[in-house]
Amino acid sequence: MIAALIGLALGQIFRLPEYAWGIVTVFTLSRQTVGATVTKATLRFVGTAVAAVVSVWMVSGFIQHHVTFLVLMMLMFAVLFYYGSGKVVPYTFQICALTMVIVLFGAPENAYFIDTAAPSRMFEVTLGIVAVTAAAHLIIPRYAKLDLHRGYGTTLRDLADIF
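Computed from a prediction, not measured in an experiment: that's the story for all the values here. (Residues numbered from 1 in each chain as written. Predicted model: local features only at pLDDT ≥ 70, side-chain atom pairs only at ≥ 80, totals over all residues. Heavy atoms only, no water.)

This paragraph deals with the confidence of the model for the protein. Summing up the model confidence of the protein, the mean pLDDT is 78 and the portion of residues at 70 or higher is 77%. The element-level mean pLDDT for the protein is lowest in helix α2 (residues 20-29), coming to 70, with helix α4 (residues 66-84) highest at 90. (pLDDT = per-residue confidence, 0-100. Helix = DSSP H or I, 4+ residues; strand = E, 2+ residues; numbered from the N terminus.)

Shown next as structure tokens:
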């Protein structure tokens, strides 16, 4: 609950148009252990960042060619859903697909939407991650530091396996 209040405050401080994404991120990432929260936060950040970059690339390069854009979008979703059902960090691929849906489906009607949607979503999710991480660090006992380091280590190893 404290993390949600931090996310709400950050959204209002930065005057984000849809700061609810930050709060949704807080509730999505809240876990019983700090390590699990950090792991999921890192995976969510990576998935959102990759989706934002790929979405901007797709719209800037292919939005004028509707058939190419749709085929490329279907191929991207096929790859993301395939890996999203796998065993190595599937959450990252699921978040990447979800973010691409949010960003790309507004692009055909308004190509300028991409200029605000991708960076805005990235910033809002990042604020949610900051809020939940800050709350976890402020509230958790000191012995949870070991759990936190294990969570970071596991996440980074899983991400290294992908790339």
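The rest of the description comes next.
A few words on the environment of T92. Its location among the elements puts T92 in helix α5 (residues 90-104). Along the backbone, T92 and G47 are 45 residues apart, and their C-alpha atoms lie at a distance of 4.6 Å. When neighbours within four sequence positions are excluded, T92 is seen to be in contact with L43, V46, G47 and L159. (Contact = heavy atoms within 4.5 Å.)

Moving on, we come to the nonpolar core. Residues M58, F69, M73, F77, L80, M100 and L104 are the most contacted members of the largest nonpolar core, which totals 21 residues. Of all the elements in the fold, those that place two or more residues in this core are α3 (34-62), α4 and α5. Among residues more than four places away in sequence, those in contact with M73 are M58, L104 and F105. By size, the runner-up hydrophobic cluster in this structure holds six residues, among which are A3, A4, V26 and A131. (Core = buried A, V, L, I, M, F, W, Y, C linked by side-chain atoms within 4.5 Å. Buried < 20%, exposed > 50% of the residue type's maximum accessible area, 1.4 Å probe, protein only.)

This paragraph deals with the environment of Y152. The residue Y152 is located in helix α7 (residues 144-162) in this model. Setting aside anything within four residues of it in sequence, one finds Y152 in contact with V38 and T42.

A full pass over the atoms with the stated rule returns four aromatic pairs. With a centroid separation of 6.0 Å and an interplanar angle of 25 degrees, the aromatic rings of F77 and F81 are classed as stacked. You can see F77 and its partner F81 sitting in helix α4, four residues apart, about one turn around the helix. One aromatic cluster is present, formed by Y82, Y83 and F93 through successive ring pairs. (Phe/Tyr/Trp six-rings, centres within 6.5 Å; stacked < 30°, edge-to-face > 60°.)

The residue L16 is located in the loop between α1 (2-13) and α2 in this model. Sequence separation between L16 and R121 is 105 residues, and the spatial gap between their C-alpha atoms is 9.7 Å.

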